[in-house]
Amino acid sequence: MTSIKDSLYSQPLGEVNGFAFDENVAQVFPDMIQRSVPGYQTIIAAIGLLAGRFARPHSVCYDLGCSLGAASFAMRQNITVENCKIIAVDNSSAMLARLENLLEQETPRHSTIIELQCADIRDVKIENASIVVLNFTLQFLAVEDRENLLAKIYAGLLPNGALIISEKLAFEDTRQQALQIDLHHAFKKAQGYSALEISQKRTALENVLIPETFAQHQQRLQSVGFGSTELWFQYFNFASFIALK
Ligand code: GEK
């Protein structure tokens, strides 16, 4: 996916507003996420492979907080079973309008449909799911809303279904926490972001993106019923894990 270079935080902003997934962000999103999230492309490719393994015939694959649909496209590319549908959900109309446009331009049409829903993932019905993806989305939900969402996903998953969650992580140990944040900033610097861009973006995300430790995620997933949750990927403070029903 081609995209305009992200320079949203390159000039000094008098006041840095809370981060929002608006038109400005949607326009530069592929560049922004690639240069901000270590391992993003690797995770997307692996979500494709996981969909190839977990998608069952006549079931639904959910991409919750789909943005421009990178995970949906990767899943679709790897799904070989018949009559499987992908439901991609986001509450940013700017993101979904762009994704709708991308899908409309496609020829020929794929046999696996990607259906779009402009909605809050807390209000979406999850049923007959073989795989559910929360790729860097749960972190934007109020912490107190996370358990209900995960319980709903667990209930909507078929037996042996999988939930893939990718998140920015926090660390209990303060030295480790400081180190990992620093390493992430070094990653962003190596991707061409300036110190000003890094610092203004950090301010914008404060109280908007709320990271938790892997142990907190694992405990919550266990408490809503997931029998097993393991990390399959980590690059500094960015990780992806698989929870199995
Ligand atoms: C990818 N998964 O490229 N309901 C619906 N959507 C939401 C909600 C909510 N309550 N909260 C946030 N979002 C994508 C990347 S980006 C991650 C996901 C990032 C949406 C929000 O509008 C945005 O599009 C997405 O979740 C998070 O694989 O930017 O760090």
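This section reports on the structure supplied with the text.

Parameters and conventions
Residues numbered from 1 in each chain as written. Predicted model: local features only at pLDDT ≥ 70, side-chain atom pairs only at ≥ 80, totals over all residues. Heavy atoms only, no water. Pairing = 2+ DSSP bridges. Helix = DSSP H or I, 4+ residues; strand = E, 2+ residues; numbered from the N terminus. Axes fitted to C-alpha atoms, helices over the stretch in contact; angles between N-to-C directions. Contact = heavy atoms within 4.5 Å. Buried < 20%, exposed > 50% of the residue type's maximum accessible area, 1.4 Å probe, protein only. Near = heavy atom within 4 Å. Polar contact = N/O pair within 3.5 Å; in protein donor to acceptor, adjacent residues only side chain to side chain. Areas by Shrake-Rupley, 256 points an atom, 1.4 Å probe, with all protein chains shown as cover. Core = buried A, V, L, I, M, F, W, Y, C linked by side-chain atoms within 4.5 Å.

**Examining the sheet that holds strand β3 (residues 113–118)**
One open sheet holds the seven strands; their spatial order is β3-β2-β1-β4-β5-β7-β6, and the pairing between them is mixed. Edge positions in the sheet fall to β3 and β6 (228–235), since each has one partner strand and no second. Within the sheet, the average angular offset between the axes of one strand and its neighbour, ignoring direction, is 15 degrees. When strand β4 (residues 129–135) meets strand β5 (residues 157–168), the two strands line up parallel, connected through six bridges. Paired with Asn135 across the strands is Ser166, a residue of β5. Here helix α5 (residues 143–156) sits on the sheet and contacts β1 (60–64), β4 and β5; the angle it forms with β5, its principal contact strand, is near 150 degrees.

**Observations regarding the environment of Asn101**
Inspection of the secondary structure assignment puts Asn101 in helix α4 (residues 93–104). Judged by its relative accessible area of 40%, Asn101 falls in the partly exposed class. Sequence separation between Asn101 and Leu68 is 33 residues; the distance between their C-alpha atoms is 10.0 Å.

**Topic: the site of the ligand**
Surrounding the ligand, one finds 23 residues, the nearest of these being Tyr40, Gly65, Ser67, Asp90 and Asn135. One nitrogen or oxygen atom from the side chain of Tyr40 is found 2.5 Å from an oxygen atom belonging to the ligand. The protein chains hide 94% of the 660 Å² of surface that the ligand would expose on its own. Only α1 (23–36) and α2 (40–54) provide two or more residues apiece to the shell around the ligand.

**Structural notes on the nonpolar core**
Residues Cys61, Met75, Ile79, Ile131 and Ile164 are the most contacted members of the largest nonpolar core, which totals 42 residues. Only α1, α2, α3 (70–78), β2 (85–90), α4, β4, β5 and β7 (238–244) provide two or more residues apiece to this core. Examining the composition of this core, we find that seven residues originate from one element, α2, more than from any other. In terms of nonpolar packing, the next biggest core, distinct from the first, is built from 28 residues, Ala129, Leu150, Leu163 and Phe241 among them.

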